[in-house]
Amino acid sequence: MEDEYGHEKLIKMVTNLNISIDSLCEILRALSKDRNKYARSGVASNPNIPEECACEILGRLSKDEEEVIRWEVAKNPNIPEECACEILNRLSKDEDGDIRSEAAHNPNIPSECACEIFDRLSKDKNRFVRFRVSDSLNIPFECACEIFDRLSRDEEGVIRWEVAKNLSIPEECACDIYNRLKDEFPVAVFINPAFANCK
């Protein structure tokens with residue numbers, strides 16, 4: 001039986017341990033353009049795409065028509081720094097809330113665009129997106145107070161609770177947030193070392 005998509009040949013090539021980076025990039029490029037969404041999804045979720053072709057491939061897949069592909073790119077922990085701002089900025093504006101949520105939770109948001117991304121997502125209409133921001137330990141110091149202050153006033157209790165538990169609240173604004181949340185979440189703020197100087 002003939003392999004309709006030609007995947008059998010590609011899989012044999014990928015499993016060859018002596019494959020060159022150029023050949024691997026060629027295979028991943030082909031799979032990232034495949035009409036089969038599962039092939040594209042497999043590439044989008046791959047944290048080991050060689051740096052030599054990762055920006056090109058993940059950049060293309062971050063614009064894919066299939067939401068699941070864009071979601072996999074947003075989750076990918078190894079988007080190279082040189083293209084991470086462009087890709088994660090795009091995904092943080094995606095129409096799908098699950099994709100924006102994963103962009104907010106990506107561990108490799110570069111510092112040069114992190115404040116812009118976290119600021120936008122902390123105001124998102126989708127509560128799950130705001131939740132992902134509220135439990136993030138990667139919000140840069142220079143914008144953390146503004147973002148945590150906003151989220152400590154969120155209409156959703158679970159988001160305020162995540163702020164009360166967040167270990168990365170800067171000392172400069174910790175006591176204001178502590179005073180706002182201490183009656184609602186006394187145990188969370190009591191055990192959070194970020195509020196150690198506020199009690």
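The structure this text deals with has already been given above.
Residues numbered from 1 in each chain as written. Predicted model: local features only at pLDDT ≥ 70, side-chain atom pairs only at ≥ 80, totals over all residues. Heavy atoms only, no water.

J.: How would you summarise the packing of aromatic side chains if you had to cite specific residues and measurements?
T.: For the coordinates displayed, the defined rule picks out 1 aromatic pair. Here Lys165 stacks its cationic end above the ring of Trp161, 3.7 Å away from the centre of that ring. (Phe/Tyr/Trp six-rings, centres within 6.5 Å; stacked < 30°, edge-to-face > 60°. Lys NZ or Arg CZ within 6 Å of the ring centre and 35° of its normal.)

J.: I'd love a proper account of the state of the cysteines, names of residues and values included.
T.: The tally for this structure, following the rule as stated, stands at 6 disulfides. Across the disulfide, Cys145 is cross-linked to Cys173 (sulfur-sulfur distance 2.3 Å). Handedness here is read from the sign of the S-S torsion; for Cys145 and Cys173, about -90°, the answer is left-handed. Remark: Cys173 occurs in helix H12 (residues 171-181) and Cys145 occurs in helix H10 (residues 141-151); sequence separation between them is 28 residues. Residue classification places Cys173 among the buried residues on the basis of a relative accessible area of 8%. Here the disulfide map of the protein chain reads 1-2, 3-4, 5-6, 7-8, 9-10, 11-12, the bonded cysteines being numbered as they appear in the sequence. (Disulfide = S-S within 2.5 Å. Helix = DSSP H or I, 4+ residues; strand = E, 2+ residues; numbered from the N terminus. Buried < 20%, exposed > 50% of the residue type's maximum accessible area, 1.4 Å probe, protein only.)

J.: An account of the packing of helix H4 (residues 51-61) against helix H6 (residues 81-91) is needed here, citing residue identities and associated values.
T.: At a closest axis distance of 10 Å, the pairing of H4 and H6 adopts a crossing angle of 15°. What the angle tells us is that H4 and H6 run roughly parallel. In this structure, the crossing between H4 and H6 has a hand that is left-handed. Of H6, the residues touching H4 (which contributes Glu51, Cys55, Leu58 and Gly59) are Glu82, Cys83, Ile87 and Arg90. (Axes fitted to C-alpha atoms, helices over the stretch in contact; angles between N-to-C directions. Parallel < 35°, antiparallel > 145°, perpendicular 65-115°, else oblique. Left-handed = near helix turned anticlockwise from the far one by under 90°. Contact = heavy atoms within 4.5 Å.)

J.: Lay out a negative patch on the surface in plain terms, naming residues and giving numbers.
T.: A surface patch of negative charge is lined by Asp22, Glu26, Glu51, Glu52, Glu81, Glu82 and Glu112. Elements supplying a minimum of two residues to the negative patch: helix H2 (21-32), H4 and H6. (Patch = residues over 30% accessible without salt bridge, like charges linked within 9 Å, V, L, I, M, F, W, Y side chains within 5 Å. Areas by Shrake-Rupley, 256 points an atom, 1.4 Å probe, with all protein chains shown as cover. Salt bridge = Lys/Arg side-chain N within 4 Å of Asp/Glu carboxyl O. Lys, Arg positive; Asp, Glu negative; His and termini not counted. Charge placed at Lys NZ, Arg CZ, Asp CG, Glu CD.)

J.: Just give me the short version of H4, but keep the residues and values in it.
T.: What H4 keeps buried is the set Cys53, Ala54, Ile57, Leu58, Gly59 and Leu61. Considering only its buried residues, H4 is in contact with H2, helix H3 (37-44), helix H5 (67-75) and H6.

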